[in-house]
Amino acid sequence: MNRVLTMTFRSLVAFILLWSCLAVKTQAQTPSSQESTKPTDTEKKKAEEDPFKPEPAPPLPAGMTGSDTNDPRFKLTPGMYDAGEISKGLKHLQLLKKPDAFQLGTADPDNAKVQKTLGMMGVADTSKMPKPTQLVTAQLAFANSDLAFQGNHLFQGNFYGVNIYDISSPAKAKLLTTMICPGGQGDPSVYKNLMFMSVEQPNGRLDCGTQGFPPGPPPPPGEEKKPPPPPQKDRFRGVRIFDISDIRNPRQVAAVQTCRGSHTHTLVVDPKDKNNVYIYVSGTSFVRQGEELPECSGEAPDKDPNTALFRIDVIKVPLAAPQDSKVVNSPRLFMDPGTGKLNSLSSGGTHGKDGPEKPTDSDQCHDITVYSAIGLAAGACSGNGIVLDIRDPVHPKRLDAVNDPNYAYWHSASFSNDGKKIVFTDEWGGGMGARCRPNDPIKWGADAVFRLKDNKLSFASYYKLPAAQGNSENCVAHNGSLIPVPGRDIEVQAWYQGGVSVMDFTDAEHPVEIAYFDRGPIDPKMLILGGHWSAYWYNGHVYGSEIARGLDVFELSPTEFLTQNEIDAAKTVRVAELNVQNQQQIEWPAQLVVAKAYLDQLERSNGLTADQITALRKAIQSAESSHLNRREVAKLQSFAGPLKKSAGTTGSAVDSKRLQALAEILQRPSK
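Residues numbered from 1 in each chain as written. Predicted model: local features only at pLDDT ≥ 70, side-chain atom pairs only at ≥ 80, totals over all residues. Heavy atoms only, no water.

Engineer: Honestly, the overall build of the protein in this entry has me stumped. Any pointers?
Structural biologist: For the protein, the helix and strand inventory stands at nine helices and 30 strands. Over its C-alpha trace the protein gives a radius of gyration of 25 Å, about what one expects of a compact globule, namely 26 Å for 671 residues. Referenced to the eigenvectors of the C-alpha coordinate spread, the extents of the protein come out at roughly 85 × 50 × 50 Å. Buried positions account for 62% of the 671 residues belonging to the protein. Restricting to contacts in the protein with at least 6 residues of sequence separation, those with at least 24 account for 65%. (Helix = DSSP H or I, 4+ residues; strand = E, 2+ residues; numbered from the N terminus. Rg over C-alpha atoms; globule rule 2.2 N^0.38 Å. Buried < 20%, exposed > 50% of the residue type's maximum accessible area, 1.4 Å probe, protein only. Contact = heavy atoms within 4.5 Å.)

Engineer: Quick question: what am I supposed to make of the environment of Gly550 here?
Structural biologist: Looking at the element boundaries, Gly550 is found in strand E29 (residues 550–556). Assessed through its relative accessible area of 0%, Gly550 is described here as buried. When the C-alpha positions of Gly550 and Trp444 are compared, they lie 28 Å apart, and in sequence the two are 106 residues distant. In this structure Gly550 touches Leu95, Leu96, Lys97, Lys98, Asn144, Gln156, Gly544 and Ser545, once residues within four positions along its chain are discounted.

Engineer: I would appreciate a short explanation of the confidence of the model for the protein in the present structure.
Structural biologist: Summary statistics for the protein give a mean pLDDT of 90 and a share of 90% for residues scoring 70 or more. Across residues 1–49, where pLDDT falls below 50, the model places 178 contacts with residues more than four positions away in sequence or in other chains. (pLDDT = per-residue confidence, 0-100.)

Engineer: Please clarify how empty space enclosed by the protein should be interpreted in this entry.
Structural biologist: The rolling of a water-molecule-sized probe over the atoms marks out the regions of remaining empty space. Counted according to the given criterion, the structure contains seven cavities of 30 Å³ or more. One number sums up the size of the largest cavity: a volume of about 140 Å³. Lining the largest cavity are 22 residues; nearest its centre among them are Asp146, Asp187, Pro188, His265 and Gln581. Elements with a contribution of two residues or more to the lining of the largest cavity: strand E3 (144–150), strand E7 (185–191) and strand E11 (264–268). In terms of residue class, the lining of the largest cavity is built from seven nonpolar, twelve polar and three charged. What lines the second largest cavity is a set of 14 residues, and nearest its centre among them are Ser412, Ala413, Ser414, Asn479 and Gly480. Of all the elements in the fold, those that place two or more residues in the lining of the second largest cavity are strand E19 (410–415), strand E20 (421–426), strand E23 (479–482) and strand E24 (490–494). Per element, the largest residue contribution to the lining of the second largest cavity is three residues, and it comes from E19. (1 Å grid on protein atoms, 1.4 Å probe; cavity = no way out; pocket = protein on both sides within 12 Å on 5 of 7 lines; lining within 4 Å. Points joined across faces, edges and corners; volume = space filled by probe spheres on them. Nonpolar A, V, L, I, M, F, W, Y, C, P; charged D, E, K, R; others polar.)

Engineer: Explain the packing of aromatic side chains to me, please; I cannot follow it from the model alone.
Structural biologist: The description of two aromatic rings rests on the distance between their centres and on the angle between their planes. Counted according to the given criterion, the structure contains 15 aromatic pairs. For the ring pair Phe102 and Tyr160, a centre distance of 5.7 Å and an interplane angle of 90° mean the geometry is edge-to-face. With Phe102 in the loop between strand E2 (90–97) and helix H3 (112–120) and Tyr160 in the loop between strand E4 (153–158) and strand E5 (161–166), this residue pair connects regions lying 58 residues apart in the sequence. Relative accessible area serves as the criterion here: at 0%, Phe102 is assigned to the buried category. Where Tyr463 meets Trp495, the ring centres are 6.3 Å apart and the plane angle is 70°; that geometry is what we call edge-to-face. Linking Tyr463 in strand E22 (residues 456–463) with Trp495 in the loop between E24 and strand E25 (500–504), this pair joins segments that are 32 residues apart in sequence. What makes Tyr463 buried here is its relative accessible area of 4%. Residue placement shows Lys97 over the ring face of Tyr81; its charged tip is 4.0 Å from the ring centre. (Phe/Tyr/Trp six-rings, centres within 6.5 Å; stacked < 30°, edge-to-face > 60°. Lys NZ or Arg CZ within 6 Å of the ring centre and 35° of its normal.)

Engineer: Help me out: how do you make sense of the sheet that holds E11 in this one?
Structural biologist: Pairing between the strands of a sheet is mediated by backbone hydrogen bonds and can be parallel or antiparallel. Across the sheet, four strands lie side by side as E11-E12-E13-E14; this open sheet has antiparallel pairing. The strands lining the two open edges of the sheet, one partner per strand, are E11 and strand E14 (326–329). Adjacent strand axes in the sheet meet at a mean angle of 35° when their direction is disregarded. Note that strand E13 (residues 313–318) and E14 share three bridges and pair antiparallel. By the bridge assignment for E14, Ile315 is matched with Val327. (Pairing = 2+ DSSP bridges. Axes fitted to C-alpha atoms, helices over the stretch in contact; angles between N-to-C directions.)

Engineer: Would you take a moment to explain the state of the cysteines for this structure?
Structural biologist: Two cysteines joined by a covalent bond between their sulfur atoms form a disulfide. All chains considered together, the criterion is met by four disulfides. Disulfide partner of Cys181: Cys208, at an S-S distance of 2.0 Å. Between Cys181 and Cys208, the disulfide has an S-S torsion of -65° and is therefore left-handed. In this pair, Cys181 sits in the loop between strand E6 (174–180) and E7 while Cys208 sits in the loop between strand E8 (194–199) and strand E9 (238–243), placing the two residues 27 residues apart along the sequence. Like Cys181, the residue Cys208 is buried in the burial classification. A disulfide bridge connects Cys259 with Cys296, and the sulfur atoms are separated by 2.1 Å. Across the S-S bond linking Cys259 and Cys296, the dihedral sits near -85°, which makes this disulfide left-handed. Within this pair, whereas Cys259 is found in the loop between strand E10 (251–257) and E11, its partner Cys296 is found in the loop between strand E12 (276–282) and E13, the two being separated by 37 residues in sequence. (Disulfide = S-S within 2.5 Å.)

Shown next as structure tokens:
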């Protein structure tokens, strides 16, 4: 048999979770490619008994600190739709529950729907699985995943398909389209009339059918290795492409198969190529047999230099003929360019519950964020964070790579708008673990902020959700996006059942939380998968993909950390589409509300004197009241020169940029 899963619990839970980002990531079982978060025998035994039973938090390692139990988020009351809620700086506007088609429809583990769903996932024998685990595992087949945006539409992925919402009125968002198409994990992206969807699990079918495939034979008694499912000509694992010209009736026009499926994908737009877009495919699951997809190999690189490990896939999508989309390259991002060794990157060793673990080879990327405006990409690649040159998008080249002993699994990445910082996330525990407990170190399962200079990364600091969470709350760093507040680097981010946290990382060495939203645990005794998968800013609002419940809509509200002017300035930035992993450069209009945001920041940092602040605010108010008549604009322009002079003499690089930007707006203000 070909390579399968390095970690295999005897329950269905492992079968599903090991093929999703909701579990510890998989790697091929070769001497040079082993799972960096391989469980101990004790952990395996516990997982077999009931992998959803919360573990007690272990003692903190020496010299490390945990999350804050005095934070009010720590003691919120539990519940599915009636859990306690708390927020600061984020106003919760609406929760849209999942449509019925995306619900299991029962809370009874003996209900026939549970066994039917488990069978659809390819597992026939559930005799050794506790009943509660069977129920929870079946619910995973309907978990919400990532988000994409276009115009007044929001696309929410799900392991069962995609839901499309009308967000023309965000506080009154409504469901437009439910498209059933199982295969996990369903991450979407959109470009003009096309929607792309990641498919990785072995129940995915070319025809989007819900019946899955018959399960293969169980492993021999006493063996923990589970063979891959039998080859199927109708199985689909890769990237689906839909025509969404009719938003209520998406039509599949292509299905591009890949050897490891598509755990996630990244839309890449080449500024020099108007006829095509590209898709970077990150597969993290087992390699399928050659009998199912020719030329697929999961061998170690010393046995097969054409192995499907240690690479990503690049799909070229002709916009005029998307049905002709195909894989055009499989870049070896982990290769040593000097020696040609494919597996030249490793984790460098990481933390484990029982002490330090040995270095493991990195053979996959989880997420790649491209920033075409600066020709770079940041890859979160299991054991490493990497930087890529993507000026030729078909042939990305690695420029730098880092590892970190405090990181278990490099999951995703975000650039600062100027491209001089990158925030990487660590998905310790794969999203299914309670990793924000009081005794979980704040350096584990956190963000790591790196500076980027001359295409080289240097570590600056960690940031982790400061509020402690309970034993039954899956919690770890997950997907987020920039909030376009001028003059600051701010990211809103999902933390599963830790809720949503808004982080200011303007000072890379001292990131700080400035807003949050949280609910109590879904269940106080059993860890049920839930919470926010993604939290993204889009055209004035924050949208959260809630795994178990549905879609949350928020808006920012002023606090001591964020003024109304800063919020209003962020709302001046409008985009036609948003695929967060295809990061767009933010540009602010020369409106006076943006100038007022800079003034608020300069007041907060003492970058100008109180008299200067007062005079500038008065001049801006007069100009606004006069609808920018010549006389008042001339007064504003008189401030520009002195502000530019101050920008050259201030000791703060951040304030220097703010002063320069403020001066430029005052020189040419617009309505």
